[in-house]
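Residue-level listing of the chains:
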Amino acid sequence: MKVQPDDLLLIIDVQNDFCPGGALAVADGDTVVPVVNRLAERFDHVALTQDWHPAGHSSFATSHPPAAPFSSITMPYGPQTLWPDHCVQGTSGAAFHPQLAADKAELVIRKGFRAAIDSYSAFFENDLKTPTGLAGYLRERGLKRIVMAGLATDYCVQYSALDARRLGFETAVVMAGCRAIDLAGSLATATAAMTEAGVVLLDDIA
Ligand code: VGL
Ligand code: ZN
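Rules used throughout
Residues numbered from 1 in each chain as written. Chains lettered and ligands numbered in written order. Predicted model: local features only at pLDDT ≥ 70, side-chain atom pairs only at ≥ 80, totals over all residues. Heavy atoms only, no water. Donors = N, O, S within 2.8 Å, 3.2 Å for Na, K, Ca; no water. Tetrahedral: all angles 85-135°; square planar, octahedral: opposite > 155°, others 65-115°. Helix = DSSP H or I, 4+ residues; strand = E, 2+ residues; numbered from the N terminus. Buried < 20%, exposed > 50% of the residue type's maximum accessible area, 1.4 Å probe, protein only. Axes fitted to C-alpha atoms, helices over the stretch in contact; angles between N-to-C directions. Parallel < 35°, antiparallel > 145°, perpendicular 65-115°, else oblique. Left-handed = near helix turned anticlockwise from the far one by under 90°. Contact = heavy atoms within 4.5 Å. Nonpolar A, V, L, I, M, F, W, Y, C, P; charged D, E, K, R; others polar. Phe/Tyr/Trp six-rings, centres within 6.5 Å; stacked < 30°, edge-to-face > 60°. Lys NZ or Arg CZ within 6 Å of the ring centre and 35° of its normal.

Undergrad: Honestly, the coordination of the zinc ion (ligand 2) in this entry has me stumped. Any pointers?
TA: The textbook angles at a metal center are 109.5 degrees for a tetrahedron of four donors and 90 or 180 degrees for an octahedron of six. Ligation of the zinc ion (ligand 2) by protein atoms is provided by Asp 51 (OD), His 53 (NE2) and His 86 (NE2), these donors lying 2.0 to 2.2 Å from the ion. Around the zinc ion (ligand 2), the 4 donor atoms sit at angles spanning 89 to 169°, and that spread fits a shape best called irregular. All donors to the zinc ion (ligand 2) come from one chain, and their sequence spacing reads D-x1-H-x32-H. Of this pair, Asp 51 sits in strand β2 (residues 45–51) while His 86 sits in the loop between β4 (78–81) and β5 (107–111), placing them 35 residues apart in sequence. Residue Asp 51 shares its accessibility class with His 86, and that shared class is buried.

Undergrad: Looking at this structure, how should I read the packing of helix α3 (residues 153–166) against helix α4 (residues 186–196)?
TA: Angle between the axes and distance between the axes are the two parameters that describe a pair of packed helices. In contact at an axis separation of 10 Å, α3 and α4 are set at 15° when each is read in the N-to-C sense. Taken together, the axes of α3 and α4 are roughly parallel relative to one another. For the element pair α3 and α4, the recorded crossing hand is left-handed. Every residue of α4 that contacts α3 at Thr 153, Asp 154, Tyr 155, Gln 158, Ala 161 and Leu 162 is listed here: Ser 186, Leu 187, Thr 189, Ala 190, Ala 193 and Met 194. Residue composition of the contact of α3 with α4, grouped by class: 7 nonpolar, 4 polar and 1 charged.

Undergrad: Mind showing me how you'd approach the packing of aromatic side chains here?
TA: The geometry of two aromatic rings is summed up by the distance between their centres and the angle between their planes. Under the criterion given, the structure shown has 6 aromatic pairs. Ring plane angle 70° and centroid distance 5.5 Å describe the contact between Tyr 120 and Tyr 155, whose orientation is recorded as edge-to-face. Pair noted here: Tyr 120 is in the loop between β5 and α2 (134–141) and Tyr 155 is in helix α3, with a separation of 35 residues, a long-range link. An identical accessibility class is assigned to Tyr 120 and Tyr 155; each is buried. With a centroid separation of 5.3 Å and 40° between ring planes, the pair formed by Tyr 120 and Tyr 159 is classed as tilted. Taken together, the residues Tyr 120 in the loop between β5 and α2 and Tyr 159 in helix α3 connect sequence positions 39 residues apart. A relative accessible area of 8% places Tyr 120 in the buried class. Residue classification places Tyr 159 among the partly exposed positions, given a relative accessible area of 33%. In this structure an aromatic cluster arises from ring pairing among Phe 70, Trp 83, Tyr 120, Tyr 155 and Tyr 159. When the ring centre of Trp 52 is taken as origin, the NZ or CZ atom of Arg 110, which lies over that ring, is 3.7 Å away.

This is the structure we're talking about:
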């Protein structure tokens with residue numbers, strides 16, 4: 001893939017809580033940092049997402065005793081996996097990885113800040129209809145193609161990529177810059193769903 005001036009690199013949730021030692025650590029999550037930093041040098045437009053939950057968020061298992069982390073419940077908007085408390089607003093776990101080249105980003109989209117609803121996608125919350133504003137930003141700025149990388153492949157990256165396709169954006173995911181949570185085969189399901197939706201899965205961008 002040749003990077004064009006009106007492409008956006010969207011770096012998903014490269015935050016301390018998704019890296020080793022964090023509250024919802026993704027295996028080798030920190031290894032995406034040098035990859036996404038290298039990608040960021042190639043793009044004229046870079047945006048970041050930041051998972052940003054209030055304490056006591058409804059996606060936390062601790063809000064639904066005695067439910068265990070990684071179990072699933074039904075919320076008014078559908079099934080919801082329950083997570084360990086993570087990315088609580090203002091905590092060091094919610095901060096970007098210290099080596100992430102965040103300065104170049106022209107936009108930071110925070111998501112999951114409504115107590116009653118989770119948000120995996122950079123575009124819509126998990127009710128699939130409350131928008132974050134990212135699509136409007138992209139349209140107003142004339143950015144038509146989105147290249148994504150970050151954490152986690154099978155959750156926030158996947159849902160962001162599927163929504164981007166649904167909204168009509170050309171969408172690619174750079175797999176070298178992603179790592180997965182992989183709950184019960186969720187990585188294989190995610191890559192199949194993304195391919196089916198027309199998301200281009202790239203190994204890397206040289
Ligand atoms: C994520 C689970 C809960 C992600 C965020 O960034 O993939 N996963 N919150
Ligand atoms: Zn979250």
